[in-house]
Amino acid sequence: MTSGNMPMPWLEGLNAAQKDAVLKTDGAVLMLAGAGTGKTRALTTRLAHILITGKAWPSQVLTVTFTNKAAREMRERAEAILSSPTEGWWLGTFHSLALRILRKHAEAVGLRTGFTILDSDDQLRLIKQLMDLEGLDQKRWAPRALLAIISRWKDRGLEHDKITKAQDSEFANGMAKNIYASYQDRLRILNAADFGDLILHCLTLFKKNPEILLSYQEKFRYILVDEYQDTNVAQYLWLRALAGSSGNIACVGDDDQSIYGWRGAEVDNILRFEKDYPGAEVIRLEANYRSTVHILGAADSIINQNANRLGKTLYAATKEQGDKVQVATHWSGEDEARAVVEQVEDLQRKGLPLKEMAILVRASFLMRGFEERFLETGVPYRVIGGPRFYERQEIRDALAYLRVIYQSDDDLAFERIYNTPRRGLGPSTLKTISTYGRAQNVSLYRASQELLTTDDLSTGVSKKLAGFVAQVETWKTAASSTDHVSLAEMVFEESGYTQMWQQAKTADAPARLENLKELLTAMAEFESLQQFLEHVSLVLDALESDTEDKVTLMTLHGAKGLEFKSVWLPAWEEGVFPSQRTLDESGVKGLEEERRLAYVGITRAREHLFISNAGNRRIHGRLADSIPSRFISELSNDHVEVQEGQGIGSYLGFRSIGESTFGSNSFERDDSYNTPGWKRARSFSRSGSATPQRDVEAKGNWMTSESAHDFQIGERVFHQKFGYGEIADFDGNKLFISFTSAGDKKVLASFVQRASEV
DNA sequence: CTCGGCAGAATTTTT
DNA sequence: TTCTGCCGAG
């Protein structure tokens, strides 16, 4: 390299392995990067290095991530190093990059320009329609399961005509394959593609048009891939096609963090990298800059139980031994939540900010107990997860309106909104429209227009439908003379959609209105409605503020890539974690994936880690006995400390953690009136200052907090999470409220407001 | 067409 | 326990 003496300030602070990963730009490179080893930094620096040293132009480097968030982060870091904007770069998620290619060659794969992208909701509705058509009983065969089967086929790069007997599924006696075929037919007619198609269509495009593939192979002189362990077969083939034979491809991944096998990810892709790219360089990043010795030791003791791995040992970059991992057994799930929240408050008292703490659970139903406890004690928390922004009902409805205006033959969008808000048009009218449409081979919207000129509809229905069509026509006209944001505002208003939510008396209505506003903000960043619609389903993300000081509550899956100073991993019980269902469905392979999930959870912690289980847990409303997870016994004794004072004894089968005594049982329901949270809540309600609140609902006028004696028994009140209810009793600053849908709860007075004031 | 009441199911979900 | 989807009454 001629640049041997050139100063390279961007390499500063990297360790030897990281520098290696940056400097070996040519040929295939696999970076095996353990948790917390600075892989994103290495990858971004590599990208910057290629550009700064002039090895390629930005347009000649393909950088692939899995999430928008990761893409955004890489962009920001690259911008910081290069101090130049990254617009136009080929840096993005698999799906957005594939879409970018497809938009240029839509006709080559049987789509027309401006094709729409289906999300899971659209997909499911289509599947249901097709199952109806085939006369399949949806009680016997779950549409969701069928959709999953088809999606997995797509993940494996299989088109419907490639499904062999061996790959066919038991589903409805082999009907899955047929429905897959008709599903693809429908998509083509609708001029739509689902997420899987974005990759799959690219593969078809490359296969059928070698010259197009060649042009991309020549264009992309370097390829960089993040989270390689999560790629599915289709994505793997996509990358291989683009890398061509010369293949300057660098992939970063960690086989130990592969936790999306159930979604089609193939750990095999990473395991066989060296075979795919002969002469590939393998670089191991093993210096962990995140966690203490004990935490890494615990993580290692778990992941070591897996047989199928490339093998890599994380060592702590720090000498800091830190605290041992705290392991505790609780009587019940409620006790566990109580204990965890107490620990949270304890650490907060010692000066640790809440945003440095996280509770990571296996499944979202486990969150409830913690949420309730947080609400009761007044500890601010945020839930991460739940439906993605663009998957929310109100967002999808709003988008459907815009799609009907922009592309009136979008039948899925039409179906979605033609009776939302209620206009007295139901399934039977839809049936008439769609029968007509199918006969005349026109879209639902067109069919509606034509039907209005006939007398096939009753006068009442005809009038309502005519009103709706006329409205859409007005908006279409307005679209040419109004900017897209104002148009959207106008549509939401005139359609009565905003009003529908304003009048809704459900607890989440205010948040939904807030989301609609956020949607408008997001739209403003695009130049036109068309541009916005083309990208919205791939790019739109809820903006979450991580500046507020709140405890994070999320699933283990959601936590990948994040880190916190203190982490709690509750509900380590057989059947819950590892999940019984995974064990049943995927056996040892599933168990190993669960174990990797445990590994991911542990390695999120920088300084404090708490692992716990409960002997009794409410699952589906039923109280179930449970024994501690086998993962607890896999933790190395050297790095673990069994917490005294809240255990319930080893009779539950808590077998292998040394001979530690569990201390005396203390089942005392220690009253919650002494905790910092309660005191805080009390001062809040006096001063009326910021009150803890579930994040999504944090914007509203509820801040005018009340204290308990402002209320009367029997009064109707509103609570942001639980909705409407009636006050049954007081207790200090807490109210016992009987909620209409959420049942009886004890909540802080500062959380509720008079129903009449909502 | 709409609303209310009951039966049945119930992970994880980067796009 | 809690949500969804279906069926029957108004």
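Along each chain, residue indices are assigned from 1 in the same order as the chain's sequence is written. Chains carry letters and ligands carry numbers; both start at the beginning, A for chains and 1 for ligands, and go up in the order they are written. Local features in a predicted model are, by the rule used here, given only for residues with pLDDT of at least 70; side-chain atom pairs are given and counted only at 80 or more, and totals for whole chains, interfaces and linings are based on all residues. Only heavy atoms go into the side-chain values, all of them from the structure, while hydrogens and water stay out.

Student: Would you mind showing me how to read the protein's contact with DNA strand C here?
Tutor: Near residues are defined by distance, with any heavy atom within 4 Å of the molecule or strand qualifying the residue. Surrounding DNA strand C, one finds Lys128, Arg368, His620 and Gly621. At 3.4 Å from a base nitrogen of DNA strand C is found a main-chain nitrogen or oxygen belonging to histidine 620. The nonpolar class holds Ala, Val, Leu, Ile, Met, Phe, Trp, Tyr, Cys and Pro. Asp, Glu, Lys and Arg form the charged class, and all remaining residues, Gly among them, are polar. Across the surface near DNA strand C, the residue classes tally to no nonpolar, two polar and two charged. Polar contacts, as used here, are pairs of N or O atoms within 3.5 Å; protein pairs need one atom able to donate a hydrogen and one able to accept it. Residues neighboring in sequence count only if both atoms are side-chain atoms.

Student: Can you help me understand the protein's contact with DNA strand B in this one?
Tutor: Taken together, 32 residues lie around DNA strand B, and Arg362, Ser364, Gly426, Ser579 and Thr582 are the ones closest in. Among the atoms of DNA strand B close to the protein, meaning within 4 Å, 51% are from sugar or phosphate groups. A distance of 2.7 Å separates a base nitrogen of DNA strand B from a polar atom in the side chain of arginine 263. Between DNA strand B and glycine 424 there is a distance of 3.4 Å, counted from a phosphate oxygen to a backbone nitrogen or oxygen. Residues belonging to the surface near DNA strand B are distributed by class as follows: nine nonpolar, 15 polar and eight charged.

Student: Got a minute to help me understand the sheet that holds strand E8 (residues 281-285) in this structure?
Tutor: Backbone hydrogen bonds are what pair the strands of a sheet, in a parallel or an antiparallel way. With parallel pairing, six strands are arranged side by side in an open sheet as E3-E2-E6-E7-E1-E8. Where the open sheet ends on each side, the last strands, each with one partner, are strand E3 (90-93) and E8. Neighbour to neighbour, the strand axes of the sheet diverge by 15° on average, direction disregarded. A strand pair is defined by DSSP finding two or more bridges across the two strands. We count a stretch as a helix when DSSP gives it H or I for four or more residues in a row; a strand needs E for two or more, and each element gets its number in order from the N terminus. Sheet topology note: the strand E1 (residues 29-33)/E8 ladder contains five bridges and is parallel. Residue alanine 33 lies in a different strand from E8, and its bridge partner there is leucine 285. By definition in these notes, contact holds between two residues if any of their heavy atoms fall within 4.5 Å. All axes here are fitted lines through C-alpha atoms, helices being fitted over the stretch that makes contact, and every angle between N-to-C directions spans 0 to 180 degrees. In this fold helix H4 (residues 94-104) packs onto strand E2 (61-65), E3 and strand E6 (222-225), with an angle of close to 120° to the strand it touches most, E3.

Student: What is the right way to read helix H1 (residues 16-23) from this model?
Tutor: Residue pairs three or four apart in sequence face the same way in an α-helix, which turns once every 3.6 residues. Residues of H1 that are buried: Gln18, Ala21 and Val22. With its buried residues spanning 100° around the axis, H1 presents them on a single face. In this structure, the buried residues of H1 make contact with E1, helix H2 (39-52) and E8. Three exposure classes are used, based on accessible area relative to the maximum for each residue type with a 1.4 Å probe and protein chains only: buried under 20%, partly exposed in between, and exposed over 50%. What the arc measures is the spread of directions leading from the helix axis to the C-beta atoms.

Student: I keep staring at the packing of aromatic side chains and nothing clicks. Help me out?
Tutor: We describe a pair of aromatic rings using the distance from one ring centre to the other and the angle between the two ring planes. The aromatic pairing rule takes the rings of Phe, Tyr and Trp, using the six-membered ring of Trp, and pairs them if the centres are within 6.5 Å, calling planes under 30 degrees apart stacked, those over 60 edge-to-face and the rest tilted. Scanning the entire structure with this criterion turns up 22 aromatic pairs. An angle of 70° between the planes, with centres 6.4 Å apart, marks the rings of tryptophan 90 and tyrosine 216 as edge-to-face. With tryptophan 90 in strand E3 and tyrosine 216 in helix H9 (residues 210-219), the pair connects residues that are 126 residues apart, well separated along the chain. The buried category is assigned to tryptophan 90, whose relative accessible area is 3%. For tyrosine 216, a relative accessible area of 5% translates into the label buried. For the ring pair phenylalanine 414 and tyrosine 418, a centre distance of 5.7 Å and an interplane angle of 25° mean the geometry is stacked.

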